[in-house]
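# Structural overview for review
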Amino acid sequence: MVDEAFAVFMRKPFTYTREDMAEVFSHGGISPQRQIISLMIREGARVAEPGEFTKRAFLNGRIDLAQAESFSTSSRASRMKKREALYSI
């Protein structure tokens, strides 16, 4: 046993991507979370690529191109702010 966790399964079309998906929650620290992810990957799951949920939402008609580009720009700006904060320390 790695840790206690629970999963929430969400049915399409009522998700951001309009696809079936599951979210897994645990209360453990970094080490148990890594073990849980490794176990899930061994069982056939995979980690989403950056921007994958927005891409799938766009391809499935959940959001339009302007919204997808807006999310991309917002995400990029957030990453840049975090990077700047790290370098200012």
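Above: the structure in question.
A brief look at the structure comes next. What you see is a predicted model; the values in this text were computed from it and never measured. (Residues numbered from 1 in each chain as written. Predicted model: local features only at pLDDT ≥ 70, side-chain atom pairs only at ≥ 80, totals over all residues. Heavy atoms only, no water.)

The number of helices and strands found in the protein is three helices and two strands. For the protein, the N- to C-terminal ordering of α and β elements is β-β-α-α-α. Looking at the 89 residues of the protein, the share that counts as buried comes to 12%. Counting only contacts in the protein whose residues sit at least 6 apart along the sequence, the fraction spanning at least 24 positions is 37%. Taken as a whole, the protein presents about 7,500 Å² of accessible surface, with 57% of it coming from carbon and sulfur. (Helix = DSSP H or I, 4+ residues; strand = E, 2+ residues; numbered from the N terminus. Buried < 20%, exposed > 50% of the residue type's maximum accessible area, 1.4 Å probe, protein only. Contact = heavy atoms within 4.5 Å. Areas by Shrake-Rupley, 256 points an atom, 1.4 Å probe, with all protein chains shown as cover.)

So, about a nonpolar patch on the surface. On the surface, a cluster of nonpolar side chains totalling about 260 Å² of accessible area is made up of Phe6, Val8 and Phe25. By secondary structure assignment, the location of phenylalanine 25 is in strand 2 (residues 21-26). The class of phenylalanine 25 is partly exposed, set by a relative accessible area of 35%. (Patch = residues over 30% accessible without salt bridge, like charges linked within 9 Å, V, L, I, M, F, W, Y side chains within 5 Å. Salt bridge = Lys/Arg side-chain N within 4 Å of Asp/Glu carboxyl O.)

Counting across every chain of the model gives two aromatic pairs. Relative to phenylalanine 25, the ring of phenylalanine 6 has its centre 5.2 Å away and its plane inclined at 20 degrees; by these criteria the two rings are stacked. Here the residue phenylalanine 6 occupies a position in strand 1 (residues 5-10), and phenylalanine 25 occupies one in strand 2, the gap between them amounting to 19 residues. By relative accessible area, which is 51% here, phenylalanine 6 ends up exposed. A ring pair is formed by tyrosine 16 and phenylalanine 71, whose centres lie 6.2 Å apart and whose planes are at 70 degrees; its orientation type is edge-to-face. Of this pair, tyrosine 16 sits in the loop between strand 1 and strand 2 while phenylalanine 71 sits in helix 3 (residues 65-87), placing them 55 residues apart in sequence. (Phe/Tyr/Trp six-rings, centres within 6.5 Å; stacked < 30°, edge-to-face > 60°.)

All of the buried residues in helix 2 (residues 52-59) are Glu52, Thr54 and Ala57. At the exit of helix 2 stands glycine 61, carrying a positive phi of roughly 75 degrees.

Size it by volume and the largest pocket reaches roughly 620 Å³. As for the largest pocket, its lining consists of 21 residues, and the residues nearest its centre are Ala22, Met40, Arg46, Ala48 and Phe53. When residues of the lining of the largest pocket are traced back to their parent elements, those giving at least two are strand 2, helix 1 (30-42) and helix 2. Sort the elements by how many residues they give to the lining of the largest pocket and strand 2 lands first, with six residues. Looking at side-chain class alone, the lining of the largest pocket contains 12 nonpolar, three polar and six charged residues. (1 Å grid on protein atoms, 1.4 Å probe; cavity = no way out; pocket = protein on both sides within 12 Å on 5 of 7 lines; lining within 4 Å. Points joined across faces, edges and corners; volume = space filled by probe spheres on them. Nonpolar A, V, L, I, M, F, W, Y, C, P; charged D, E, K, R; others polar.)

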